[in-house]
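Summary of structural features
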Amino acid sequence: MDKKQCITVITHGETRYIINGEHNSIPKTDYIKIDKSGIDPIGDEIGICWKNENYEWELVNHQSKILEVKLDTLKYKFNTSWEKDKYGIPNSKKYHKPNCGTIDLLNMKIYDEPILLEN
């Protein structure tokens, strides 16, 4: 309820901002800017775990490319690929635990407002 555990996702064309906290626009700090042009639209998905053993949140947007980091990397972790199983196949299993989850962004291009993800 206090919005202490939330992120905002804003996408403009092929550029996506993952912002710590609730925002209506892109702030000067507390975000990561990625290029999403390499993401297959059908597989455009975010996985997040809140307050795991090392970070306030750990997030993945598979096949993205980091353009700019304005986050405290000691508190927040961003991954550009799912973890792989023993056969080398990426999967979202890590994000199917308590305090974790995934969201499909296939229709993000039709959203006019930022998306807020909360724990």
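Preceding this paragraph is the structure being described.
The sections below set out a description of the structure shown in this document.

Following the criterion strictly, the structure yields 1 disulfide and no others. Here Cys 49 connects covalently by a disulfide to Cys 100, the sulfurs 2.0 Å from one another. Every disulfide takes its handedness from the sign of the S-S torsion; for Cys 49 and Cys 100 that torsion is 110°, giving right-handed. Pair noted here: Cys 49 is in strand E4 (residues 45-50) and Cys 100 is in strand E10 (residues 100-104), with a separation of 51 residues, a long-range link. Taking relative accessible area as the criterion, Cys 49 reaches 5% and is therefore assigned buried. Under the relative-accessibility criterion, Cys 100 is labelled partly exposed at 23%.

Time to look at the nonpolar core. In a soluble, globular protein the nonpolar side chains are often hidden away together inside. Ranked by size, the top nonpolar core spans 16 residues in total, and within it Ile 7, Val 9, Ile 18, Ile 46, Trp 57 and Leu 59 carry the most contacts. Going through the elements one at a time, strand E1 (6-12), strand E3 (31-35), E4, strand E5 (57-61), strand E7 (76-79) and strand E11 (115-118) are the ones with two or more residues in this core. Examining the composition of this core, we find that 3 residues originate from one element, E4, more than from any other. The residues contacting Ile 18, other than those within four sequence positions of it, are Ile 7, Thr 8, Val 9, Asp 30, Tyr 31, Ile 32, Ile 46, Trp 57, Leu 59 and Phe 78.

Adjacent strands of a sheet form backbone hydrogen bonds with each other and so pair up, either parallel or antiparallel. Taken in spatial order, the 4 strands of this open sheet run E7-E5-E4-E10, and their pairing is mixed. Of all the strands in the sheet, just E7 and E10 have a single pairing partner and so form its edges. If you compare each strand with its neighbour and ignore which way they point, the axes differ by 15° on average. Alignment of E4 against E5, held across 5 bridges, turns out to be antiparallel. Looking across to E5, one finds that Cys 49 is bridged to Glu 58.

Next up on the list: the sheet that holds E11. Across the sheet, 5 strands lie side by side as E6-E3-E2-E1-E11; this open sheet has antiparallel pairing. Lying at the two open borders of the sheet, with one neighbouring strand each, are strand E6 (65-70) and E11. Strand-to-strand twist in this sheet, taken as the mean axis angle between neighbours without regard to direction, amounts to 20°. Two elements, E3 and E6, share 5 bridges in a ladder whose sense is antiparallel. Across the sheet, the residue bridging to Tyr 31 is Lys 70, located in E6.

Right, let's talk about the side chain of Asn 79 for a bit. As for its placement among the helices and strands, Asn 79 is situated in strand E7. The exposure class of Asn 79 is buried, given its relative accessible area of 15%. There is a polar contact of 3.0 Å between the side chain of Asn 79 and the side chain of Glu 58. Of the polar contacts made by the side chain of Asn 79, one reaches the side chain of Tyr 95; its length is 3.4 Å. Asn 79 has contacts with Glu 58, Leu 59, Val 60, Asn 61 and Tyr 95, leaving out every residue within four places of it along the chain.

What counts and what doesn't
- Residues numbered from 1 in each chain as written.
- Predicted model: local features only at pLDDT ≥ 70, side-chain atom pairs only at ≥ 80, totals over all residues.
- Heavy atoms only, no water.
- Disulfide = S-S within 2.5 Å.
- Helix = DSSP H or I, 4+ residues; strand = E, 2+ residues; numbered from the N terminus.
- Buried < 20%, exposed > 50% of the residue type's maximum accessible area, 1.4 Å probe, protein only.
- Core = buried A, V, L, I, M, F, W, Y, C linked by side-chain atoms within 4.5 Å.
- Contact = heavy atoms within 4.5 Å.
- Pairing = 2+ DSSP bridges.
- Axes fitted to C-alpha atoms, helices over the stretch in contact; angles between N-to-C directions.
- Polar contact = N/O pair within 3.5 Å; in protein donor to acceptor, adjacent residues only side chain to side chain.

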